[in-house]
Protein chains: 2
Amino acid sequence: MQTGELFDQHFRRNVMSVAICRSLQTTALAICLSLLMLAPVTSQGFAQEDMLPSWNETSTKAAILQFIAKITKQGGPDFVPQEDRIATFDMDGTLTPEHPIPLALVPLLADIKDNVAKNPLLGARPAVAALLKGDLKAVSAQGEEGVADIIAAVTDGKTTEEVAANISAMLDERVSEKFGVPYSKTTYKPMRELVDLLSAQGFTVYICSGSPVLFTREISQEMFGIPPEQVMGSWLDTKLEERNGKTVLVYTGKIGHFNDKEGKPVTINLGIGKRPIFVGGNEGGRGDIAMMRWSKDRNGPSFQLLINHDDDAREFAYSEPDNYSLDAAKSYGFQVVSMKSDWKVVVGK
Amino acid sequence: MQTGELFDQHFRRNVMSVAICRSLQTTALAICLSLLMLAPVTSQGFAQEDMLPSWNETSTKAAILQFIAKITKQGGPDFVPQEDRIATFDMDGTLTPEHPIPLALVPLLADIKDNVAKNPLLGARPAVAALLKGDLKAVSAQGEEGVADIIAAVTDGKTTEEVAANISAMLDERVSEKFGVPYSKTTYKPMRELVDLLSAQGFTVYICSGSPVLFTREISQEMFGIPPEQVMGSWLDTKLEERNGKTVLVYTGKIGHFNDKEGKPVTINLGIGKRPIFVGGNEGGRGDIAMMRWSKDRNGPSFQLLINHDDDAREFAYSEPDNYSLDAAKSYGFQVVSMKSDWKVVVGK
């Protein structure tokens, strides 16, 4: 056999193998896609798989499902293409409890004394002083800005990698007195189901929180099913330095942006460049109304969900003295969630 | 037939249909996945589909392909999971030409006179004054910060939606003298192929540019195959206001962050929270060395690509007087791309 023939045979065999593989792949993809496309049809035609089992069968749940159905209906008047299915959720009080203290403070409770011993100036900040005294009410009164301030103080001079190192492990270790589980398990189960449902329906789901991103990113995937690059929040300034011959980003102790109230639309626009069509927030701190209004004022359909903390038995009951957020919900047509009557379960994964 | 029996039959039929569908879906998915998994094996074993046809067969191309092969090799010592396959690319001079003017200035050329007539203070800014005189060399000398400054001046008081409205259409209209095609077609073809190859290999590819995000987001998908939420850049401050009863974000005329040099790692950390494993940049403005070093200093494998503008015939030849970026490439082991010898084609989609 000539070398040319050998080459020809080799060439034909290889090209044919590839061609067969390609064709098998195409066929399989076609089968796969058509069967996957059956799913919504069969589930609508026959049994409905309940993606929100921890929600009671109230008008709230119905409103959520109706909205998702209408904006995902191909050819329907309210259809929204996948690239515009942006959802943003506040974290503290919306995806996990914010009382007695916001989640971001949990890893700090043990270290705060050490940190102040090393850097006595820290103790002068009102939120830090309150935390040192164990006066969690006073810490809460400082709001999420107090939290960001404490974290800015504690991270000053550390590298981004040093700060990130133990956050997730510490939330696994420390147990919430109220719920009797580690803090890493204190996700609101109904909200986790909602995040999963939206993701399954082609939404990109972001967190937009007052807590600093450096904290929230370390726990977002495990607790809420939201990957770290889909986390927005307050941020602390960093600076590129060289340590031991390597470049590192070092926290400067300053807050770059405090992500609350009118600051939330600014951050969302910076991070994504689009108005969200689905927003989740909570009453209690007035923090989420601006991003809800900005979502409502988009061109096209949108949905805003405001959690009312009205369940003293299973969680905490609290509200704003002037009823600001609940009044806004009425004025602008946001859907209010009563934790007490809309949720079967509160905490659990 | 009893009502109970009817219900039973109905129930059985529906549940069985769903079960059959489920099982078909699972089977199809399994077939589909296993055939899809064949693809890399067959392409390695037999014919190689060339994903970088506009690159010459030089050591540069080989180095890129070797890096991708090693970090995607399941079970290999350098395997990097998908969630850490982060790539960041500079835009001007890296994905598209930055001479004679950076892309972001193209939509402004016609409007700048109108804008200055309305707001004479604008004319006092050096970059704006140079642009008004048509002195593009002087504009270039102001660097990307000059560009951000011009854009801050021109957008002052406008809403985010007003500013975004016509950018993409204007780049479709205006024709580049040098390349004889509309600016929206001035993508470096070899780099577009590289972005597509990385995306196909499980990378999330971001732009990290000195140009303001408000501009780059409007063209990133069409010109570079990168969706708007994967665009980072300089940003201008905005403020939430109410106009005609609706909330809007309004530019304040101030630069919030200038995303160049040491500012780039800061932005990447803010937007993603991870060091990139693949970085593309260019010599000519010293802008990309900091993000390349920050990538190189990560724990684990990484790759940095520095484009040398050495092709006066097909593009432009220019360099830094002190050779800063090319020297850095030598010191830190970045891969230098010679536009002249590594690229078959320069501009084209």
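Given the structure is predicted, the values throughout are model-derived calculations rather than measurements.

Novice: Is there a simple way to explain the overall build of chain A in this structure?
Specialist: When helices and strands are counted, chain A shows 15 helices and seven strands. Evaluated residue by residue, chain A yields a buried proportion of 51% over its 349 residues. Counting only contacts in chain A whose residues sit at least 6 apart along the sequence, the fraction spanning at least 24 positions is 71%. For chain A, the exposed area adds up to about 15,600 Å²; of that, 54% sits on carbon and sulfur atoms.

Novice: For this particular structure, what's the right way to read the confidence of the model for chain A?
Specialist: Reading fine detail from the predicted coordinates is not recommended where pLDDT is low. All names here are of chain A. Here chain A averages 86 in pLDDT, while 86% of its residues score no lower than 70. Every residue in residues 1-27 scores below 50 in pLDDT, and together they form 13 contacts with partners more than four places removed in sequence or on other chains. Contacts for the low-pLDDT stretch residues 31-47, under 50 throughout, to residues beyond four places or in other chains number 17 contacts.

Novice: What's the story with the environment of Ser325(B) in this structure? I'm lost.
Specialist: Residues and elements named next belong to chain B. Topologically, Ser325 is positioned in helix H14 (residues 324-332). Expressed as a C-alpha distance, the spacing of Ser325 and Ile219, which sit 106 residues apart in the sequence, is 27 Å. Setting aside residues up to four positions removed in sequence, Ser325 forms contacts with Glu283, Arg286, Ile289, Leu306 and Glu320.

Novice: Is there a simple way to think about the sheet that holds strand E6 (residues 303-308) of chain B in this case?
Specialist: Residues and elements named next belong to chain B. Across the sheet, which stays open at both edges, the seven strands sit in the order E4-E3-E2-E1-E5-E6-E7 with mixed pairing between neighbours. Across the chains shown, the open sheet's two edge strands, defined by having one partner strand only, are strand E4 (246-257) and strand E7 (335-338). The sheet shows a mean angle of 30° between the axes of neighbouring strands, direction not considered. Bridge count for E6 against E7 is four bridges, and the pairing is parallel. Residue Leu305 lies in a different strand from E7, and its bridge partner there is Gln335. Against the sheet, helix H9 (residues 189-200) contacts strand E1 (86-89), strand E2 (204-212), strand E5 (278-282) and E6, and its axis sits at roughly 165° relative to E1.

Novice: Explain the side chain of Glu283(B) to me, please; I cannot follow it from the model alone.
Specialist: Residues and elements named next belong to chain B. Note on placement: Glu283 falls in the loop between E5 and helix H13 (289-296). One buried charged residue, Glu283, forms no salt bridge at all, with the nearest opposite charge on Arg286 at 10 Å. From its side chain, Glu283 meets the backbone nitrogen of His309 in a polar contact 3.0 Å long. Apart from residues no more than four positions distant in its own chain, Glu283 is found in contact with Glu98, Leu306, Ile307, Asn308, His309, Tyr318, Ser319, Glu320, Ser325 and Leu326.

Novice: Help me understand the pattern of salt bridges in this model?
Specialist: Side-chain pairing between opposite charges can occur once the charged atoms of the two side chains come close. With the rule as written, the count across this model stands at 26 salt bridges over all chains. Here Arg275(B) ties to Glu161(A) by a salt bridge, and the two come within 2.8 Å at their closest N and O atoms. Of this pair, Arg275(B) sits in the loop between helix H12 (263-271) and E5 while Glu161(A) sits in helix H7 (residues 160-164), which puts the two residues in different chains. Assessed through its relative accessible area of 39%, Glu161(A) is described here as partly exposed. The residue Glu193(B) makes a salt bridge to Lys189(B) at a minimum N-O spacing of 3.5 Å.

Novice: Is there a simple way to explain the sheet that holds strand E6 (residues 303-308) of chain A in this structure?
Specialist: All names here are of chain A. The seven strands lie next to each other as E4-E3-E2-E1-E5-E6-E7, forming an open sheet whose pairing is mixed. Among the strands making up the open sheet, the edge pair consists of strand E4 (246-257) and strand E7 (335-338). Between one strand axis and the next, the sheet turns by 30° as a mean value, whatever way the strands run. Across the sheet, helix H12 (residues 263-271) lies against strand E1 (86-89), strand E2 (204-212), strand E3 (231-243) and E4, angled at about 60° from E3, the strand it touches most. Here helix H13 (residues 289-296) sits on the sheet in contact with E1, E2, strand E5 (278-282) and E6, set at roughly 160° to E5.

Novice: Got a minute to help me understand the pairing of E6(B) in this structure?
Specialist: Sheet faces and side chains relate simply in a regular strand, where the side chains alternate between the two faces. Residue and element names in this part refer to chain B. A large share of E6 lies buried, amounting to six of its six residues. Judged by which residues are buried, E6 turns out to be covered on both faces: Phe303, Leu305 and Ile307 on one side and Gln304, Leu306 and Asn308 on the other are all buried. Summarising the sheet, E5 and E6 pair through five bridges and their orientation is parallel. Residue pairing for E6: Gly280 is matched across the bridge by Leu305. With H13 bridging E5 and the parallel E6, this β-α-β connection has right-handed handedness. Handedness of the crossover joining E6 and E7 through H14 is recorded here as right-handed.

Novice: Which parts of the structure should I look at to understand H9(B)?
Specialist: Residue pairs spaced three or four apart in an α-helix point in one direction, given the helix's 3.6 residues per turn. Residues and elements named next belong to chain B. Spanning twelve residues, H9 covers 17 Å between terminal C-alpha atoms, matching the ideal 16 Å at 1.5 Å per step. The set of residues buried in H9 consists of Pro190, Met191, Arg192, Glu193, Leu194, Val195, Leu197 and Leu198. For H9, the secondary structure elements touched by its buried residues are helix H2 (59-72), E1, E2, helix H11 (220-224), E5 and E6. Note on H9: the residue one or two positions beyond its end, Gly202, has a positive phi of about 85°.

Novice: So what exactly am I meant to see when it comes to empty space enclosed by the protein here?
Specialist: Gaps left between atoms are located by rolling a probe of water-molecule size over the structure's atoms. Residues and elements named next belong to chain A. What the rule picks out here adds up to two cavities of 30 Å³ or more. Its volume calculated, the largest cavity comes out at about 90 Å³. Along its surface, the largest cavity is lined by Thr96, Pro97, His99, Pro100, Ile101, Leu103, Ser176, Lys178, Phe179, Tyr183, Thr186 and Phe316. In terms of residue class, the lining of the largest cavity is made up of seven nonpolar, four polar and one charged.

What counts, and at which threshold
- Residues numbered from 1 in each chain as written.
- Chains lettered and ligands numbered in written order.
- Predicted model: local features only at pLDDT ≥ 70, side-chain atom pairs only at ≥ 80, totals over all residues.
- Heavy atoms only, no water.
- Helix = DSSP H or I, 4+ residues; strand = E, 2+ residues; numbered from the N terminus.
- Buried < 20%, exposed > 50% of the residue type's maximum accessible area, 1.4 Å probe, protein only.
- Contact = heavy atoms within 4.5 Å.
- Areas by Shrake-Rupley, 256 points an atom, 1.4 Å probe, with all protein chains shown as cover.
- pLDDT = per-residue confidence, 0-100.
- Pairing = 2+ DSSP bridges.
- Axes fitted to C-alpha atoms, helices over the stretch in contact; angles between N-to-C directions.
- Lys, Arg positive; Asp, Glu negative; His and termini not counted.
- Salt bridge = Lys/Arg side-chain N within 4 Å of Asp/Glu carboxyl O.
- Polar contact = N/O pair within 3.5 Å; in protein donor to acceptor, adjacent residues only side chain to side chain.
- Right-handed = clockwise from strand over helix to strand, strands pointing away.
- Expected span 1.5 Å × (residues − 1).
- 1 Å grid on protein atoms, 1.4 Å probe; cavity = no way out; pocket = protein on both sides within 12 Å on 5 of 7 lines; lining within 4 Å.
- Points joined across faces, edges and corners; volume = space filled by probe spheres on them.
- Nonpolar A, V, L, I, M, F, W, Y, C, P; charged D, E, K, R; others polar.

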